[in-house]
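Residues per chain, in single letters:
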There are 2 protein chains.
Amino acid sequence: MEIKEAFLGKKVLIAGGLGFIGSNLAKKLAALGARVSILDALIPEHGGSMFHAADLPSPADLTVADARDEAKLIPLLEGRDYLFHLAGQTSHLDSMRDPWTDLEMNCRTSLAILEAVRKVRGGTKVVFASTRQLYGIPRSLPVRESHPVVPVDINGVHKMAAEWYHGIYHKVYGIPAAIVRLTNTYGPRMRIKDARQTFLGDWIRRLLKNEEILVFGEGSQLRDFTYVDDASDALLLAACREEATGQIFNLGGERAISLRDLADLLVELNGRGSYRIVPFPDELKAIDIGDFYADYSLIRSRLGWVPSVDLREGLRKTLEYFRAHGEHYL
Amino acid sequence: MEIKEAFLGKKVLIAGGLGFIGSNLAKKLAALGARVSILDALIPEHGGSMFHAADLPSPADLTVADARDEAKLIPLLEGRDYLFHLAGQTSHLDSMRDPWTDLEMNCRTSLAILEAVRKVRGGTKVVFASTRQLYGIPRSLPVRESHPVVPVDINGVHKMAAEWYHGIYHKVYGIPAAIVRLTNTYGPRMRIKDARQTFLGDWIRRLLKNEEILVFGEGSQLRDFTYVDDASDALLLAACREEATGQIFNLGGERAISLRDLADLLVELNGRGSYRIVPFPDELKAIDIGDFYADYSLIRSRLGWVPSVDLREGLRKTLEYFRAHGEHYL
């Protein structure tokens with residue numbers, strides 16, 4: 001696969017690199033021979049963790065600072081080939097309870113990153129990890145990139161704005177940028193402490209703690225999932241392939257699964273556990289989007305990406321990881 | 001016209017009420033018997049002016065404060081029937097030079113207004129003055145509300161985000177909100193000091209100062225214009241008509257006109273002056289949108305709005321106003 005050679009000796013910065021996806025990506029890039037630096041603000045409850053710094057080649061490669069701090073960010077961008085932008089806030093619920101922090105974490109952080117890249121003028125390619133959240137309630141399934149963007153919560157609005165910033169800085173200033181819309185990424189290092197970011201993390205924690213899983217609604221809702229290694233591969237392809245510049249790509253899973261079937265699968269893989277179907281809490285119902293699964297044929301045809309880890313295998317690895325390292329996440 | 005009765009004795013707050021459109025609206029509302037209060041931060045260079053406070057019924061009706069200051073905003077919202085949200089930054093150029101201020105003025109201000117309305121829970125109807133800018137480069141003309149939203153500058157992104165905030169606070173919290181997308185509003189009290197907000201303001205200043213008008217491009221670009229009294233009527237209809245809640249409406253002009261013809265018309269109405277066709281400055285060319293004129297058939301059919309002041313008459317009144325009061329605007 002071409003990813004193998006593309007990053008050898010390249011200088012890469014990962015903003016949000018101590019988080020779930022960022023740290024998995026860092027590990028992979030280091031294995032590909034890239035010179036990886038990480039910028040992470042380690043904001044409490046956002047997923048960044050010093051436990052994820054263990055894989056870094058040297059302590060010098062980590063800067064604990066906020067991307068909104070230009071004095072810290074600009075020196076990190078000098079001579080940088082690639083910047084992966086995984087900084088930000090991803091909780092839909094948090095964005096409704098506290099839109100201010102979401103505005104700062106998503107809008108201001110993205111602007112800070114792009115303004116810094118613009119000022120440095122080093123030709124750094126930027127890959128922004130966006131989300132399927134901004135499609136809102138699907139009008140047709142599977143959801144393609146041409147589906148209207150209809151965010152249902154503040155986080156969706158701000159992620160949408162962040163996408164547009166990248167598009168405008170690309171068009172107006174010539175900054176090479178690509179956008180990947182992630183959908184339900186899961187795997188080792190995901191946040192499982194509570195239900196603020198993903199329901200799957202909440203379910204995994206409950207399984208590990210021998211608590212009953214709560215399935216909201218009727219359990220019939222469909223979702224697709226991407227294993228974190230597959231998501232990382234997509235981000236790498238979007239970085240190293242020139243034809244990705246200026247584009248937006250969906251990711252997706254190899255299949256859509258109902259929440260009830262997912263709960264069954266998790267309990268089976270765990271060897272024990274149970275779940276209960278309960279009504280949606282009001283706060284979540286107001287921003288729920290019903291069935292969702294993505295059409296990822298664009299990135300498949302343009303960049304050759306397909307999910308390579310199936311859900312059973314991915315969940316098995318995830319449970320295995322958290323059985324070994326759960327104490328760092330609970 | 002039903003506007004006549006709708007506002008008699010009603011408590012109205014205008015955020016940004018010392019600005020161009022806000023102060024024209026305040027004057028009209030006062031004439032309709034409304035109890036008008038104004039909130040304006042009087043941020044330098046944003047269009048708000050103490051000169052516009054002269055029409056207020058009493059000094060107590062003006063609060064000079066920022067809408068982001070919740071302690072000031074919340075008391076103003078108690079028992080308020082209508083809130084017109086005309087606070088914000090409208091310069092496309094400024095938004096590219098300083099995206100931070102645009103983020104504050106448009107995103108944070110809009111969130112502050114909606115959060116305050118949500119907290120007060122008084123059923124205040126919110127009317128947000130948005131802009132045709134967020135359509136970007138028209139894919140078809142005239143531009144309808146269903147045209148894709150493709151902002152070409154940071155101001156467009158933030159106005160788009162502000163629209164979505166209103167939609168989400170309407171759907172999730174039941175706050176009655178309506179959005180009007182203004183297009184090239186002009187008239188007495190518009191900002192003419194420089195070209196940061198509208199090229200027409202710049203032209204009018206040059207005419208008044210006996211300077212040559214600079215027409216960018218080839219002069220063939222088409223635009224439509226709304227006289228400020230017509231824009232005010234549209235905002236009033238969006239406020240008082242229940243069927244406007246949750247909706248987005250375009251405004252438009254009675255005709256589209258080329259920039260060259262507009263320059264000819266202005267020179268003719270002024271009785272003297274001249275213009276010159278010059279190439280676009282780079283900074284403006286990067287965010288220019290080509291021809292634009294709006295389809296306003298939705299607000300015409302739903303709310304009965306049509307532009308009532310034609311361009312010749314509107315420009316005549318505008319020049320007359322600035323001949324009398326120009327010293328407050330230069």
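Look up a bit, the structure's there.
Heads up: these notes are all about the structure in this document. (Residues numbered from 1 in each chain as written. Chains lettered and ligands numbered in written order. Predicted model: local features only at pLDDT ≥ 70, side-chain atom pairs only at ≥ 80, totals over all residues. Heavy atoms only, no water.)

**A short note on the overall build of chain A**
Our working rule: Put simply, DSSP marks the helices as runs of H or I at least four residues long and the strands as runs of E at least two long, and each gets a number from the N terminus on. Restricting the calculation to C-alpha atoms gives the radius of gyration, and the globule rule supplies 2.2 Å times the number of residues raised to the power 0.38. Three labels apply to residues, based on accessible area from a 1.4 Å probe with only protein chains included: buried if under 20% of the type maximum, exposed if over 50%, partly exposed otherwise in between. We call two residues contacting when some pair of their heavy atoms lies within 4.5 Å. For the accessible areas, the method is Shrake-Rupley and the probe is 1.4 Å, while residue cover comes only from the protein chains on display. Think of it this way: Lys and Arg go in the positive column, Asp and Glu in the negative one, and His and the chain ends go nowhere. Note that the charge is assigned to NZ on lysines, CZ on arginines, CG on aspartates and CD on glutamates.
Tallying secondary structure elements over chain A gives 12 helices and 13 strands in all. In summary, chain A has a C-alpha radius of gyration of 19 Å against a globular reference of 20 Å for 330 residues, a match within 12%. The principal-axis extent of the C-alpha atoms belonging to chain A is close to 55 × 40 × 40 Å. Out of the 330 residues in chain A, the part that is buried amounts to 59%. Counting only contacts in chain A whose residues sit at least 6 apart along the sequence, the fraction spanning at least 24 positions is 81%. In the structure as shown, chain A presents an accessible area of about 12,600 Å², 50% of it carried by carbon and sulfur atoms. Side-chain charges of chain A comprise 41 positive and 43 negative groups, with the mean position of each set lying 2 Å from the other.

**As for the pattern of salt bridges**
We count it as follows: When a carboxyl oxygen of Asp or Glu lies within 4 Å of a side-chain nitrogen of Lys or Arg, that pair is called a salt bridge.
One pass over the structure, following the stated rule, counts 44 salt bridges over all chains. A salt bridge links K28 of chain A to D233 of chain A, with the nearest nitrogen and oxygen atoms 2.8 Å apart. Of this pair, K28 of chain A sits in helix α2 (residues 20–31) while D233 of chain A sits in helix α8 (residues 228–240), and the two are 205 residues apart along the sequence. Taking relative accessible area as the criterion, D233 of chain A reaches 16% and is therefore assigned buried. Through salt bridges with shared partners, a single network forms among D66, R68, E104 and R108 of chain A together with D66, R68, E104 and R108 of chain B.

**A closer look at the sheet that holds strand β1 (residues 11–15) of chain B**
All names here are of chain B. Applicable threshold: A pair of strands is treated as paired once DSSP finds two or more bridges between them. Fitted lines through C-alpha atoms give the axes, limited to the stretch in contact for helices. The angle between two N-to-C directions lies from 0 to 180 degrees.
Taken in spatial order, the 7 strands line up as β3-β2-β1-β4-β5-β6-β11 in an open sheet, and their pairing is parallel. Edge positions in the sheet fall to β3 (62–64) and β11 (248–250), since each has one partner strand and no second. Averaged over all pairs of adjacent strands, the angle between strand axes in this sheet comes to 15°, irrespective of strand direction. As judged from the 3 bridges shared by strand β6 (residues 177–182) and β11, these two strands associate in the parallel manner. Following the sheet pairing, I179 is matched in β11 by I248. Packing against the sheet, helix α3 (residues 70–77) makes contact with β1, β2 (35–40), β3 and β4 (82–85), and its axis sits at approximately 155° to β1. Against the sheet, helix α5 (residues 99–120) touches β1, β4 and β5 (125–131), its axis set at about 170° to β4.

**Let's talk about the nonpolar core**
Just so we agree on the cut-off: By convention a nonpolar core is built from buried Ala, Val, Leu, Ile, Met, Phe, Trp, Tyr and Cys residues, the set being connected through side-chain atoms within 4.5 Å.
One finds L77, L83 and Y165 of chain A together with L77, L83 and Y165 of chain B to be the most contacted residues of the largest nonpolar core, which totals 76 residues. Counting residues per element, the ones that place at least two in this core are β1 (11–15), α3 (70–77), α5 (99–120) and α6 (154–173) of chain A together with β1, α3, α5 and α6 (154–173) of chain B. With sequence-adjacent residues up to four places away left out, Y165 of chain A is seen in contact with C107, S110, L111 and L114 of chain A together with L103, I154, V157 and H158 of chain B. One finds L18, L182, M190 and L303 of chain B within the second-largest nonpolar core, a separate group that totals 68 residues.

**Some remarks on helix α2 (residues 20–31) of chain B**
Residues and elements named next belong to chain B. Cut-off, in case you're wondering: To estimate how far a helix should extend, the number of its residues minus one is multiplied by 1.5 Å.
Here α2 spans 17 Å end to end across 12 residues, near enough to the 16 Å set by a 1.5 Å rise per residue. Elements that come into contact with the buried residues of α2 comprise β1, β2, β4, β6, β7 (185–186) and α8 (228–240). G33, located one to two residues past α2, shows a positive phi value of around 90°.

**Quick look at the sheet that holds strand β6 (residues 177–182) of chain A**
Residues and elements named next belong to chain A. Spatially, β3-β2-β1-β4-β5-β6-β11 is the arrangement adopted by the 7 strands of the open sheet, whose pairing is parallel. Here the strands that pair on one side only, and so sit at the sheet edges, are β3 (62–64) and β11 (248–250). Across the sheet, the axes of successive neighbouring strands diverge by a mean angle of 15°, strand direction being ignored. Pairing of strand β4 (residues 82–85) with strand β5 (residues 125–131) involves 4 bridges; the strand directions are parallel. Across the sheet, residue L83 finds its bridge partner in β5, namely V126. Here α3 sits on the sheet and contacts β1, β2 (35–40), β3 and β4; the angle it forms with β1, its principal contact strand, is near 155°. Packed onto the sheet, α8 meets β4, β5 and β6 and runs at close to 145° relative to β5.

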